[in-house]
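# Analysis of the macromolecular model
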Amino acid sequence: MVLEVRNIEKSFGEKQVLSGVSFQAEGGKAFGLLGRNGAGKTTSIRILMDVFPANSGQVLIDGQTIDYKRIRIGYLPEERGLYPKKIIIDQLTYFAALKGMRGKEAVKAVDYWLERLGMAEYRNKRLDTLSKGNQQKIQLITALAHDPEIVILDEPFSGLDPVNAMLLKDIVKEQISKGKIVLFSSHQMNYIEEFCDSIAILNAGKIALCGNLRDIKRNYVRDRLVVRTEHPEQIEDDLGGACSRLGDGSLMIQLTSAGEKREMMKRLVEHYDIDEVKVFEPSLNDIFVKHASNAVKED
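In what follows, the accompanying structure is described.

The rules we used
- Residues numbered from 1 in each chain as written.
- Predicted model: local features only at pLDDT ≥ 70, side-chain atom pairs only at ≥ 80, totals over all residues.
- Heavy atoms only, no water.
- Salt bridge = Lys/Arg side-chain N within 4 Å of Asp/Glu carboxyl O.
- Buried < 20%, exposed > 50% of the residue type's maximum accessible area, 1.4 Å probe, protein only.
- Core = buried A, V, L, I, M, F, W, Y, C linked by side-chain atoms within 4.5 Å.
- Contact = heavy atoms within 4.5 Å.
- Pairing = 2+ DSSP bridges.
- Helix = DSSP H or I, 4+ residues; strand = E, 2+ residues; numbered from the N terminus.
- Axes fitted to C-alpha atoms, helices over the stretch in contact; angles between N-to-C directions.
- Patch = residues over 30% accessible without salt bridge, like charges linked within 9 Å, V, L, I, M, F, W, Y side chains within 5 Å.
- Areas by Shrake-Rupley, 256 points an atom, 1.4 Å probe, with all protein chains shown as cover.
- Parallel < 35°, antiparallel > 145°, perpendicular 65-115°, else oblique.
- Left-handed = near helix turned anticlockwise from the far one by under 90°.
- Nonpolar A, V, L, I, M, F, W, Y, C, P; charged D, E, K, R; others polar.

Turning our attention to the pattern of salt bridges. Applying the stated criterion across every chain yields a total of 14 salt bridges. In this structure, E26 and K29 form a salt bridge, with 3.6 Å as the shortest nitrogen-oxygen distance. Residue classification places E26 among the partly exposed positions, given a relative accessible area of 36%. Counted as one network, the salt bridges with shared partners bring together K85, R126 and D128.

As structure tokens, then:
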């Protein structure tokens, strides 16, 4: 399955919010939709989910206009939307029913996810008796109980402790392994790097960068090396201004050109006690800052 957002335009009154937004996400892979607050991520997601229409453009599945009556979408919003005073099992089965599940089927699916997330003991509790992290897990069930083909996760790790974050990671990997389209929107770049094959960065309602994350990184000039060694001062003494110390204690070596890297790697290994040497690649955070640093708009 391939989800394609093609040339989406959206304005509210005279305010242009999205301008020619296009990206593509594939089943069995995770896609990261990134941007600063106000860049247009929320509007893009709402159009993708048919919450409101675009002024122009298309949302396609396998080249055909998406049929929202047939394609199941699960959405975990950044702003949580459950009822704090209601019993958990009641509202979870209610949301499952809204997405087409029938009584016993809905209860069975919800109970499965309550057990899977370690929340079965809270089945008959009110939502407001739970911690923020556990409320997040209940919200996640509303996105997954109906077995959606497209899973949209907006800041999914917000409020989760490391143990629950690991549990969510396992669930996300499982959804991907089932061939589903998983779309992330997050400011936590480490999670995007861990899961996403491809990304799109929105800036002021336009796509600033889009493509395979590995290819994006490799397109940067490969003229720096990162070296880990127990004795960095020896290399610093010999190479002088070409070296700089990174926060983790490793060295960054600036080459005169990308073509010099093999010769420099060989020289380092032959003359120094090297634990690791590799070509420097920018982090997703570096890439994001470069492409999303202009003035923002409202979503």
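More follows now that the structure is in view.
Glancing now at the nonpolar core. The biggest cluster of nonpolar side chains holds 50 residues, and the ones touching the most others in it are L114, I138, F184 and I199. The residues contacting I199, other than those within four sequence positions of it, are F31, G32, L34, I192, L209, C210, G211, L213, I216 and L284. With 26 residues, the next largest nonpolar core counts L33, A39, L48 and I61 among its residues.

What follows covers the sheet that holds strand 11 (residues 224-229). Across the sheet, which stays open at both edges, the 4 strands sit in the order 12-13-11-14 with antiparallel pairing between neighbours. The sheet terminates laterally at strand 12 (243-245) and strand 14 (274-279), the two strands that pair on one side only. Taking each pair of neighbouring strands and ignoring which way they run, the sheet shows an average axis angle of 25°. Across 4 bridges, strand 11 lies against strand 13 (residues 251-254) in antiparallel orientation. Note that in strand 13 the partner of R224 across the bridge is Q254.

A word on a nonpolar patch on the surface. On the surface, Y83, Y94 and L98 cluster together into a nonpolar patch covering about 330 Å² of accessible area. Take Y83: it is sitting in the loop between strand 6 (73-76) and helix 2 (88-98).

With that settled, consider the packing of helix 2 against helix 3 (residues 103-116). The interhelical angle for the contact between helix 2 and helix 3, taken along N-to-C directions, is 120°, at an axis separation of 9 Å. Between helix 2 and helix 3, the crossing angle belongs to the class labelled oblique. Helix 2 and helix 3 meet at a crossing whose hand is right-handed. On the side of helix 2, the interface is formed by I88, I89, L92, T93 and A96, while helix 3 contributes A106, V107, V110, D111 and L114. Of the residues in the contact of helix 2 with helix 3, the class split is 8 nonpolar, 1 polar and 1 charged.

Excluding glycine, residues mostly have negative phi values, and the peptide bonds linking residues are mostly trans. Within the chain, N7 stands out as a residue other than glycine whose phi angle is a positive 50°. The topology assignment puts N7 in strand 1 (residues 2-12). Residue classification places N7 among the partly exposed residues on the basis of a relative accessible area of 44%. Unlike most non-glycine residues, D62 shows phi in positive territory, near 50°. Structurally, D62 is set in the loop between strand 4 (56-61) and strand 5 (64-65).

The next thing to look at is the environment of G100. Tracing the chain through its elements places G100 in the loop between helix 2 and helix 3. Overall, the relative accessible area of 58% leaves G100 in the exposed class. Through-space distance from the C-alpha of G100 to that of S11 is 32 Å; in sequence the pair is 89 residues apart.

So, about the side chain of S44. Here S44 shows up in helix 1 (residues 41-48). Overall, the relative accessible area of 7% leaves S44 in the buried class. Setting aside chain neighbours within four positions, we find S44 in contact with L18, V21, L33 and L202.

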